[in-house]
Each structure stands twice: as structure tokens, then as C-alpha cells.
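# Observations on chain architecture
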Amino acid sequence: MTAPASRTAPIAAPPHRTRRRYASWRPKAALVAVVIALVVSQAVVFVFQLVAGGEGGTVDGVTAISLVLADAVMIGIVLVFARRGAERLSAATLGIRRTRFGPALGWMLAIYFGVVALEGLWALLLAALGADGGVSRHDAGSPGAPSTATALAIFFAIAVAAPIGEEIAFRGYLFPALTRWRGPWTGAILTGLLFGAAHFLVYPVVFLPALTFFGFGACLLFWFTGSLLPSICLHAINNAIAAGVLLGGSWQVPLGVLGAVAAVLLLLTPFARERAPQTA
């Protein structure tokens, strides 16, 4: 007796699961690639500032150029390694896809609220313990107000170039590899920890857990939306606020946030030719 067709026909996977199909990058290879990209990019910053004669301990035009160059080098190295685990490497392979505005905005707000809440709890814990981890010493050497051109260059490096480079390396490349190994939650935790640790040369040690929280949240944002664009925009917002404060801005900060988001979308939207599969 022939079995009913409904029992023999293959069952198609729900459309919303297709967004979890990433390139088959090996976790160890991806981790090594990101570490190499970070080390080489920092070496580029050091060498460029040494050759160009940047002023030590200050943020100037040379610093801004070196940071942008470092992000470009990091993306280049990641792309070289990523090609080895993808049949056809494209912007969509690394998560640069179009997605619906409403759900993306909702996830951005929810995750950013959670990240800020965790950062606030961490700040309260530090205050209760009376720890500053060298924050006061770190702030003591803050530079004076730079020129307008220098400020714009620094802002671009921090709020536009860094979000694009770091999100492609950590969320677009490393997170999918770790997700393939141990699932999205473990992948997000490990990627967040590595993201925080990667900033130990830039920020005081007590700030690293806050960066870890952000890295974890950005992974979840990518996972829930199926697109890297919301994570890059959230990263740009976060960095634009930090850059605005660093540069001594006041009313310019909200304008800087809008400008940073507009800049990353203007740069990346032309590459987002595929649409992220929608959740059910």
C-alpha cells in the first residue's frame, strides 16, 4: 500500500529559518582571522602615527586618518579569510542586507535599552566598590578643542568607520562562525567577550564589561533582524554620542548621531542588494 503523499513529501523549512544559514566558516579560523586583523590594524595605527608625526597622547588629524586606515585594513583581512568559507562571498554573506524598518527599529530600541540598563548596573557596582580603574588618570590628559576639520575627521573615524569595520569583523564574520559551533546565544556571549577584550588598549579596564554588554546586544540584534545594518546603525549611534562628548559638543551631539546613521546607511545601502528573510 502506498503511503499518503503528505507523509513522503519533504517538509520545507520555515522561511524565517533561512536567515540562520551562514557561510561555513570554521570557528577557530574565524577567531584567528579576527585576532590577526586586530593586531595588524593596531600595528598600522602605531606605524602611521610614528611616520606621520602625530602628537602623542592627543587626538588630531593623523590619529583620525590612522584609525580609518586601521578599520580598512581590518575589513580587508577579514574579507581575505571570509572568502575561504563561502562559495560566493558577497555583502549579503556578511549580513549587509535590507530589512524592514519597523521591526529593526523596535529591536534596536529594546536591545539598546537592555544594554544601557546593564551598563548602568555596572556603573552602580563600580561606585559601590569605589573603583575607577584609572578613569581619572585617563581623563586627566584630555586634549583641547580641535579645529573643525580635525573634529569632523575624528568624528568620522569613531562614529562611521569604526562601527562599519568592527561590526563586519565581529558580528558579520566571527559571530556566525561561533553560532555554527555552539548556537547563537553562546556565540553572542563569546563574541561579546572578545569584542570587549579587543578594546583594552583604548579604554580603562573597568569599561570593558560595558563594551562586552554592547557586543552581546549587537549580536542579538543581528540574529533577530537577519541584517547587519541595524547593528551598524546602533553602533554608530553609540559611538557618535561618545565622540560628541569627547569633542566637547552639546547641541551638536544629536546632529552628530543623525549624521553618523545617515553616513553609514549612505555608504552601505548600495551594497545591500538582498533582503533579509523575515521572521514569521
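The shown structure was predicted, so the numbers you read here are calculated from the model rather than taken from an experiment.

### Side note on the confidence of the model for the protein chain
Mean pLDDT for the protein chain: 85, with 83% of residues reaching 70 or above. Low pLDDT, under 50, characterises residues 1–20; the predicted model gives this stretch 15 contacts beyond four residues in sequence or across chains. Counting interchain partners and residues more than four positions distant, the pLDDT-below-50 stretch residues 135–142 has six contacts.

### A look at the nonpolar core
The biggest cluster of nonpolar side chains holds 58 residues, and the ones touching the most others in it are Ile96, Ile164, Ile168, Tyr173, Ala260 and Val264. For this core, the leading source of residues is helix H6 (residues 148–182), giving 15 residues.

### So, the packing of aromatic side chains
Under the criterion given, the structure shown has seven aromatic pairs. One aromatic cluster is present, built from ring pairs that chain together Phe170, Phe195 and Phe214. Seen from the ring of Phe195, Arg171 lies directly overhead, with NZ or CZ sitting 4.5 Å from the centre.

### Things to note about helix H9 (residues 229–246)
In this model, H9 (18 residues) spans 25 Å end to end at C-alpha, consistent with the 26 Å of a helix rising 1.5 Å per residue. Where burial is concerned, most of H9 is hidden: 13 out of the 18 residues are buried. In the stretch just after H9, Gly248 is the one whose phi turns positive, near 75°.

### Brief notes about the environment of Leu109
With respect to the helices and strands, the residue Leu109 is situated in helix H4 (residues 101–129). Once the C-alpha coordinates of Leu109 and Leu234 are considered, the two residues, 125 residues apart in sequence, prove to be 8.9 Å apart.

### Some points on the environment of Ala198
You can see Ala198 is positioned in the loop between helix H7 (184–197) and helix H8 (208–225). With relative accessibility at 27%, the residue Ala198 sits in the partly exposed group. Not counting chain neighbours up to four residues away, the residues in contact with Ala198 comprise Leu38 and Phe170.

### Regarding the packing of H6 against H9
In the contact formed by H6 and H9, the axes pass within 8 Å of each other and the chain directions differ by 145°. Where H6 crosses over H9, the two elements pack in a sense that is right-handed. On H9, the residues that touch Phe155, Ile158, Ala159, Ala162, Pro163, Ile164, Glu166, Glu167 and Arg171 of H6 are Ser231, Ile232, His235, Ala236, Asn239, Ala240, Ala243 and Leu246. For the contact of H6 with H9, the residue count by class is 11 nonpolar, three polar and three charged.

### With respect to the pattern of salt bridges
Within this structure, the stated rule accounts for two salt bridges. A salt bridge links Glu274 to Arg88; its shortest N-O distance comes to 4.0 Å. Linking Glu274 in the segment after helix H10 (252–268) with Arg88 in the loop between helix H3 (61–82) and H4, this pair joins segments that are 186 residues apart in sequence. We classify Glu274 as partly exposed; its relative accessible area is 37%.

### Focus on the environment of Arg273
Mapped onto the fold, Arg273 is located in the segment after H10. When its relative accessible area of 71% is taken as the criterion, Arg273 is described as exposed. Each C-alpha atom of the pair Arg273 and Ile96 lies 8.3 Å from the other, and the pair is 177 residues apart in sequence.

Reading the values: rules and limits
Residues numbered from 1 in each chain as written. Predicted model: local features only at pLDDT ≥ 70, side-chain atom pairs only at ≥ 80, totals over all residues. Heavy atoms only, no water. pLDDT = per-residue confidence, 0-100. Contact = heavy atoms within 4.5 Å. Core = buried A, V, L, I, M, F, W, Y, C linked by side-chain atoms within 4.5 Å. Buried < 20%, exposed > 50% of the residue type's maximum accessible area, 1.4 Å probe, protein only. Helix = DSSP H or I, 4+ residues; strand = E, 2+ residues; numbered from the N terminus. Phe/Tyr/Trp six-rings, centres within 6.5 Å; stacked < 30°, edge-to-face > 60°. Lys NZ or Arg CZ within 6 Å of the ring centre and 35° of its normal. Expected span 1.5 Å × (residues − 1). Axes fitted to C-alpha atoms, helices over the stretch in contact; angles between N-to-C directions. Left-handed = near helix turned anticlockwise from the far one by under 90°. Nonpolar A, V, L, I, M, F, W, Y, C, P; charged D, E, K, R; others polar. Salt bridge = Lys/Arg side-chain N within 4 Å of Asp/Glu carboxyl O.

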